[in-house]
Amino acid sequence: MIKKILGNIVFKNFSYLTIGTIIAQLISLVTVLKITSILNPDDYGLFTFLIAQGMLLLRIGDLGNRNIVIRTIARDSSHTNDLLVNGAILRVLAIMALSFIYYIYNYYFGSLSFNNLFLIFVFSLFGCFANLFELIFHGNQKMLPSAVINLTYSLIWFVIVFFILDEGISISFIFLLYISITLVKAILYLAFIKYYKLFKGKVQNFRVSAKQIIKESWPYFAMILILLPLTSLANNFLDINSTNNEIGYFNLSERLLGPISLVVGMSLSAIFPNLSAMWSNNRSRFYKYLSIGFGVYMIASMLICFIFTLFSKEIVILLFPDGYLPAIKVCQMQVWYLFFTSVDSMVGVVLGAANKEKLILRFSIVYFLVCTPVLFFSSKYGALGISYGYVVSYGACLIYVWLTFKKSLNIKIKYDLRIWLLAISLFVISYYLASGISLFYKLIICFTILSLLLPYSFKIYKPLFVK
C-alpha cells in the first residue's frame, strides 16, 4: 500500500510542490532578514511596493486563465503550443494596456518616477512569461522541474542579497537585480520545456484561440477583479494615504505570515479532492465529516494564530532592527485576518466541492462592497490602521457568509458558537491582555491553554478520528 501511495503521481506532485515551497519560504525569510538589515523601513517599503505593483499588473494580466491553461493541457497536450504562443501574445497585450492605465493612475494618485514605472512594466512582462511557462509543467503533471526552478530562483536571490547588496545601493538597482532573476527564471522554464519535449501541437489563428481562452476564463477574471481590493490593493491604499514606512511594516508582516498562510493553503489543497469525492459518492458521510471536521480545522487555525500573536513581539525583536518594531502590532492583527480568511477559504472549498460556485461569487461581491471603502479609509492610519480595517470589515462580512453557508447546505457545524467565542477569547488574551507581560508568563499562558483545550477538543471530536 505504501509503495502504491509513494508511486502515485498526485502524491508525488503534491510532495514536490510542498517540499519545494517550504524550502523556498525558509530561504526567502532568511533573505528578508538580510534585506531589512541593509534597508531602513522607508527604503524597504519602497522596494516591496515596486514588487507589489508589478505583481498587481501580473495578477490582472493573467486574465484569469491560469486554471484554463492547466486544465486544457492536462486533457489534451496537443494544445500546448497554441496556448503557449497565443496565450503569451494575449498576456503581453494585457500587460501593455494595464501599464498604460497604471501610468495614468500614477500621474494622478501615485508618486513613482518614470524609471520605476518602466521597471515595473519590465518586471510584470518577464513575470507573465515565467508564469505561463510554469503552467505548461503543471498541465503535463510534471511538478518536479517546477519545484526545482522555483527553488533555484530563491537561491539565486539569496546569493545576490547576501553577497552583492550593501548599504547605499539604490532601490532601483536592487529592483533591477530582482527583475534579472525573474528573467533567468523564465529562461530556465523555457529550457526545461524544450528538454522535456513539451512543445506539442499546432498554433491556431490568434483571434480564434484568444476568443476561446477569454470565453472560458472570464468568470475567474471577474473574481480576480472583484477581490482585488482585498488581495492586491493594500499597498496602493497605503501609498495614497500613508508613507513608505507603513508600506514596509505591512509587507514585513505579510512576509512573516507566509509560512502560516502556506500551511493553511496546503491543508485546503489536500482536503478539496476528498470533499469533492464524498459529495458525489456519499452525501451523508460528507455532512458528517463536515459537521465535525470544520470545528477541528477552525480550532487548529486559531491556535496557530494565538501562538503567533503571543510570541510575535519576541520574534520581531530577535530578528529585525529596532526600526521595524512598529510591525509587531501589525503582525499581531494581520494574523487574525488570516484566521478569518482561512475560515472563508474552507467555506469556499466546501461550496466548490458541492458545486455552488454562484454562491462563492455572491460572497466575493459582498466582501468587495463592504471591505473596499473600509480599507481605503483605514489606510489613512497606516499599516496598523488598515490591519484593523481588514479584521473588522472581513469579520463583519464573515458573519453573513457563515450563516448563509450553513443555510444553503442545511448543515450544522458542531459547537460552532462555542468555537467562535473561543476564537474571540484567544484574540483578546493574546493581543490585549498578554501584550505587556514577560516571555515567562506568556509561556505559562500558552501551556495552560493548550493543556486545557487540546484534550477537551480531542474528546469532543474523537468520532472524526475513530471509525
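Residues numbered from 1 in each chain as written. Predicted model: local features only at pLDDT ≥ 70, side-chain atom pairs only at ≥ 80, totals over all residues. Heavy atoms only, no water.

Some points on the overall build of the chain
Secondary structure assignment for the chain yields 20 helices and 0 strands. In terms of overall dimensions, the chain is globule-like: its C-alpha atoms have a radius of gyration of 23 Å, near the 23 Å expected for 467 residues. Each principal axis of the C-alpha atoms in the chain carries an extent, and together these give about 60 × 55 × 45 Å. A total of 467 residues make up the chain; the buried ones form 50% of that total. Counting every atom, the chain has about 22800 Å² of accessible surface; 69% of that belongs to carbon and sulfur. In the chain, which carries 37 positive and 17 negative side-chain charges, the distance between the mean positions of the two groups comes to 18 Å. (Helix = DSSP H or I, 4+ residues; strand = E, 2+ residues; numbered from the N terminus. Rg over C-alpha atoms; globule rule 2.2 N^0.38 Å. Buried < 20%, exposed > 50% of the residue type's maximum accessible area, 1.4 Å probe, protein only. Areas by Shrake-Rupley, 256 points an atom, 1.4 Å probe, with all protein chains shown as cover. Lys, Arg positive; Asp, Glu negative; His and termini not counted. Charge placed at Lys NZ, Arg CZ, Asp CG, Glu CD.)

Notes on the side chain of Thr36
In this structure, Thr36 sits in helix α2 (residues 9-38). Not counting chain neighbours up to four residues away, the residues in contact with Thr36 comprise Tyr44, Leu252, Phe320, Pro321 and Tyr324. (Contact = heavy atoms within 4.5 Å.)

Observations regarding the layout of surface pockets
Volume-wise, the second largest pocket comes out at about 460 Å³. If you list the elements that add at least two residues to the lining of the second largest pocket, you get α15 (327-353), α17 (382-409) and α18 (416-433). Along the lines of polarity and charge, the residues of the lining of the second largest pocket split into 17 nonpolar, 1 polar and 1 charged. (1 Å grid on protein atoms, 1.4 Å probe; cavity = no way out; pocket = protein on both sides within 12 Å on 5 of 7 lines; lining within 4 Å. Points joined across faces, edges and corners; volume = space filled by probe spheres on them. Nonpolar A, V, L, I, M, F, W, Y, C, P; charged D, E, K, R; others polar.)

A closer look at α15
Look at α15: 38 Å from first C-alpha to last across 27 residues, which is about the 39 Å you get at 1.5 Å a residue. For α15, a buried count of 24 out of 27 residues is recorded, marking the element as mostly surrounded by other parts of the structure. Following α15 by one or two positions, Asn355 adopts a phi angle in the positive range, close to 60°. (Expected span 1.5 Å × (residues − 1).)

Concerning the environment of Tyr432
Position of Tyr432 among the secondary structure elements: in helix α18. For Tyr432, a relative accessible area of 42% corresponds to the partly exposed category. Considering only alpha carbons, one finds Tyr432 and Ile240, 192 residues apart in sequence, at a separation of 30 Å. With near-sequence residues (within four places) excluded, Tyr432 lies in contact with Tyr388 and Phe427.

Some points on the packing of aromatic side chains
Tallied over the full model, the rule gives 39 aromatic pairs. Between Tyr102 and Tyr105, the ring centres sit 5.3 Å apart and the planes meet at 45°, which makes this aromatic pair tilted. Taken together, the residues Tyr102 and Tyr105, both in helix α5 (residues 80-108) and 3 residues apart, mark about one turn of the helix. The pair Tyr102 / Tyr105 is uniform in exposure class, with both members buried. Measuring from centroid to centroid gives 5.6 Å for Phe286 and Tyr287, while their planes differ by 85°, and the two rings are edge-to-face. Judged by its relative accessible area of 25%, Tyr287 falls in the partly exposed class. Each member of the aromatic cluster is reached from another via a ring pair, and the members are Phe294, Tyr297, Trp336, Phe339, Phe340, Tyr388, Trp402, Phe405, Trp420, Phe427, Tyr431 and Tyr432. One cation-aromatic arrangement involves Lys185 over Tyr153; the distance from NZ or CZ to the ring centre is 4.5 Å. The lysine or arginine in question, Lys329, covers the ring of Tyr431, its NZ or CZ lying 4.3 Å from the ring centre. (Phe/Tyr/Trp six-rings, centres within 6.5 Å; stacked < 30°, edge-to-face > 60°. Lys NZ or Arg CZ within 6 Å of the ring centre and 35° of its normal.)

Observations regarding the packing of α5 against helix α9 (residues 206-226)
Packing of α5 against α9 brings their axes to within 10 Å, and their N-to-C directions diverge by 80°. By the angle class used here, α5 and α9 are roughly perpendicular. Side by side, α5 and α9 meet where Asp82, Leu83, Asn86, Gly87, Ile89, Leu90 and Leu93 of the first sit next to Phe206, Ser209, Ala210, Ile213 and Ile214 of the second. Considered class by class, the residues forming the contact of α5 with α9 number 8 nonpolar, 3 polar and 1 charged. (Axes fitted to C-alpha atoms, helices over the stretch in contact; angles between N-to-C directions. Parallel < 35°, antiparallel > 145°, perpendicular 65-115°, else oblique.)

Things to note about unusual backbone geometry
Even without being a glycine, Leu63 presents a positive backbone phi close to 60°. With respect to the helices and strands, the residue Leu63 is situated in the loop between α3 (41-61) and α4 (66-75).

A word on empty space enclosed by the protein
Summary: where empty space remains is shown by rolling a probe the size of a single water molecule over the atoms. Taken as a whole and assessed by the stated rule, the structure comprises 1 cavity of 30 Å³ or more. Considering only enclosed or pocket space, the largest cavity measures out at about 40 Å³ in volume. Those elements that provide at least two residues to the lining of the largest cavity are α13 (258-281), α14 (283-319) and α15. Its residues placed into classes, the lining of the largest cavity shows 6 nonpolar, 2 polar and no charged.

Quick look at the packing of α3 against α5
Their axes nearest at 9 Å, the elements α3 and α5 cross at an angle of 130°. Between α3 and α5, the crossing angle belongs to the class labelled oblique. Here α3 runs over α5; the crossing is right-handed. Within the contact between the two elements, α3 uses Phe49, Gln53, Leu57, Leu58, Ile60 and Gly61 and α5 uses Arg91, Ala94, Ile95, Leu98, Ser99 and Tyr102. Of the residues belonging to the contact of α3 with α5, the class tally is 8 nonpolar, 3 polar and 1 charged. (Left-handed = near helix turned anticlockwise from the far one by under 90°.)

Regarding the confidence of the model for the chain
When pLDDT is averaged along the chain, the result is 86; 91% of the residues meet or exceed 70. The least confident element of the chain, judged by mean pLDDT, is helix α1 (residues 2-7) at 50; the most confident is α17 at 94. (pLDDT = per-residue confidence, 0-100.)

Some words on the nonpolar core
Formed by 112 residues in total, the largest nonpolar core has its most connected members in Phe47, Trp157, Phe175, Phe294 and Phe339. Residues within four places of Phe175 in sequence aside, it is in contact with Phe47, Leu50, Ile51, Leu119, Ile120 and Phe123. Counting 22 residues, the second largest nonpolar core, distinct from the first, contains Val69, Ile149, Tyr189 and Ile193. (Core = buried A, V, L, I, M, F, W, Y, C linked by side-chain atoms within 4.5 Å.)

A few points about the environment of Ile174
Among the structural elements, Ile174 can be located in helix α8 (residues 171-195). We classify Ile174 as buried; its relative accessible area is 3%. When the C-alpha positions of Ile174 and Trp157 are compared, they lie 11 Å apart, and in sequence the two are 17 residues distant. Not counting chain neighbours up to four residues away, the residues in contact with Ile174 comprise Leu39, Phe47, Trp157, Leu165 and Ile169.

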